[in-house]
Amino acid sequence: MTATRLREWLLKGLLLAVPIAYVPWADEPYRAFREELFQLAGAGVLLLWLYARITRQNEGFPSPRGIITDVILFVCGAAALFLSLALNGGSLSAAINVALGGVLFLALYNAIRAETAFEWTKLFIFTAVLNGILGIVQFFGYDPFFQSLDPAFHNVYRRYLVAGFMDSPNMLAPFLASFAPLAFSFFMHETTRNKTIAWTLRGIFLLTAVSLTQNLGALLPLGAVLGVMLLYFTFRRPSAGGKPAGYKLAATWGIALLVIAVAATAYARQDDTTRLLKRHSMDERRMQNEACLMMFQGTPVIGKGPGFFYAHFEEYRRAVWFDGPPLRLPDRPAHQAHNDYLQLLAEGGLLAAIPFGCLLLFWMYQHGVALLRPERLLPYPLGPLLPGAIGGFWVIALNGLGNFPFHIAPLVVTALFWAVVAAALIKPPLPSQSSFE
């Protein structure tokens, strides 16, 4: 078997294992093990490159053809974190993870072609289905992996049980939410009744599982992305068949307005305990954000070093309390800030934040140009897949404003996957229609 084939199987194994692997592990049973899977996959790509060179196979390291700018920005950001590590100390593992993220992005880009992108996507959808099924079952009180230590509380607030194979609802919700734009895009593109119904049911399933978590960190980004997609489908021609049928647009607008009304009503009717829990959660996030800004102000250019937030959060939190005492004393230290971008600014400084910020802006520009270019119509199923992949990535990216998805292996892999699928459909020459028949 060639190194390229082995690399492809390694990447598929990562997509299947990272979102669903369950291994008991200390206080957080999944996270450490799945981070190791992420690291093993990245190291495996590098070892296969060495193997190809040693055996003189004509298969070198994955080529950055078509994504030179992306790779340069990845390298600059990772190099800045290693420089900060060398000057400040910190977590070597955190810096290595960023570099391995770039390695896996490049390897996925070389493995996924336009003609195979939908097959890879169907493989990844399988993991979302398993997580969604388990999450719904958990809401109704059954979980083969976990027994509640406070059943009286969880019988009233069952959303805190809805974690699927993840650590918590905060991780499950953005993972599942990233697949909803795909279902919505296919729903809008489909012209046959059976396929329209099938994608409608898939979307309802995903939205049900996400809604049961009541996780605003996923629901708000998902609402923003689906809102933009609805406007796009209303005014643009997404496929060779023309705009979506009028009944689809009318029904979707009606459902969107109904959901907003129901959500607003439910929010207004929250019980006092729920309101208090949310206030505590928001207050804790405020402290973390202010601590990150204090860290950044200390060394704005090179940052404090990767992993610094976790090592020194408690002392910075006490400084924050001088200006604004907390609503309650936290019962545990924060491993990560609930804002990946502020934590990157604190730990890597401007040297790391600027390249990764430019990468996000670059992708935003590319995604916008690809969707607004009417002359470039993709054949089925790539027409629906492109907006779905773009939407999936931005759900995770926006989740980073109130969570830490880029520190969680399953969500990192999810973001990388959607970014690569979008890149594979945007950048290379398009194959002919016959390639998909």
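Predicted model, so just to flag it, every value in this text is computed and none were measured.

Calculation rules
- For every chain, the first residue of its written sequence is number 1, and the numbers climb from 1 along that sequence.
- Only residues with pLDDT of 70 or above have their local features reported here, since the model is predicted, and side-chain atom pairs are shown and tallied only from 80 upward, although totals for entire chains, interfaces and linings are computed over all residues.
- Heavy atoms from the whole structure form the basis of all side-chain values; hydrogens and water molecules are not counted.
- Strands are runs of DSSP state E lasting at least 2 residues, helices are runs of H or I lasting at least 4, and numbering of each runs from the N terminus.
- Partly exposed residues are those whose accessible area sits between 20% and 50% of the maximum for their type, while under 20% is buried and over 50% is exposed, using a 1.4 Å probe and protein chains only.
- A 1.4 Å probe and the Shrake-Rupley method give the accessible areas. Residues count as covered only by the protein chains that appear here.
- Any Phe, Tyr or Trp ring, taking Trp's six-membered ring, that has another such ring centre within 6.5 Å forms a pair; planes under 30 degrees apart are called stacked, those over 60 apart edge-to-face, and the others tilted.
- Each salt bridge in this description consists of a side-chain nitrogen of Lys or Arg and a carboxyl oxygen of Asp or Glu lying within 4 Å of one another.
- Expected span of a helix, by definition, is 1.5 Å for each gap between consecutive residues, and there is one gap fewer than residues.
- By definition in these notes, contact holds between two residues if any of their heavy atoms fall within 4.5 Å.

J.: Account for the overall build of the protein chain, naming residues and giving values.
T.: Summing up its helical and strand segments, the protein chain has 16 helices and zero strands in all. Counting all 437 residues of the protein chain, 48% fall into the buried class. Accessible surface, the protein chain: about 20,700 Å² in total, of which carbon and sulfur atoms supply 66%.

J.: So, the packing of aromatic side chains: which residues are in play, and what are the values?
T.: For the structure on display, the rule yields 19 aromatic pairs. Taking 6.0 Å as the distance between ring centres and 80° as the angle between the ring planes, the aromatic pair formed by Phe74 and Phe356 counts as edge-to-face. Here Phe74, found in helix 3 (residues 68–88), pairs with Phe356, found in helix 14 (residues 340–372); they are 282 residues apart in sequence, far enough to count as distant. With a relative accessible area of 14%, Phe356 lands in the buried category. Geometrically, the ring pair formed by Phe124 and Phe175 is edge-to-face, given 6.0 Å between the ring centres and 80° between the ring planes. Of the two residues, Phe124 is situated in helix 5 (residues 117–139) and Phe175 in helix 7 (residues 169–177); the sequence distance between them amounts to 51 residues.

J.: A description of the pattern of salt bridges should follow, citing residues and the corresponding values.
T.: Per the counting criterion, the structure on display carries four salt bridges. The closest approach of N and O atoms between Glu8 and Arg5, which form a salt bridge, is 3.1 Å. Here Arg5 and Glu8 lie together in helix 1 (residues 3–17), a separation of three residues that amounts to about one turn. The exposure class assigned to Glu8 is buried, which follows from its relative accessible area of 17%. Using a relative accessible area of 37% as the deciding quantity, one classes Arg5 as partly exposed. Between Asp167 and Arg34 there is a salt bridge whose closest N-O contact spans 3.6 Å. Of this pair, Asp167 sits in the loop between helix 6 (151–156) and helix 7 while Arg34 is found in helix 2 (residues 31–54), placing the two residues 133 residues apart along the sequence. For Asp167, a relative accessible area of 24% translates into the label partly exposed. Bridged by salt links that share partners, the residues Arg5, Glu8 and Lys12 form one connected network.

J.: Requested: an account of helix 1, with residues and values cited.
T.: Side chains of residues three or four places apart in an α-helix project in the same direction, reflecting 3.6 residues per turn. Its 15 residues give helix 1 an end-to-end C-alpha distance of 21 Å, which sits within 8% of 21 Å, the value for a rise of 1.5 Å per residue. Those residues of helix 1 that are buried lie in contact with helix 2, helix 4 (92–111), helix 5 and helix 16 (409–426).

J.: Outline helix 10 (residues 216–235), supporting the account with residue identities and numerical values.
T.: Along its 20 residues, helix 10 runs 28 Å from first to last C-alpha, staying within 8% of the 28 Å computed at 1.5 Å per residue. What helix 10 keeps buried is the set Ala218, Pro221, Leu222, Val225, Met229, Leu230, Tyr232, Phe233 and Thr234.

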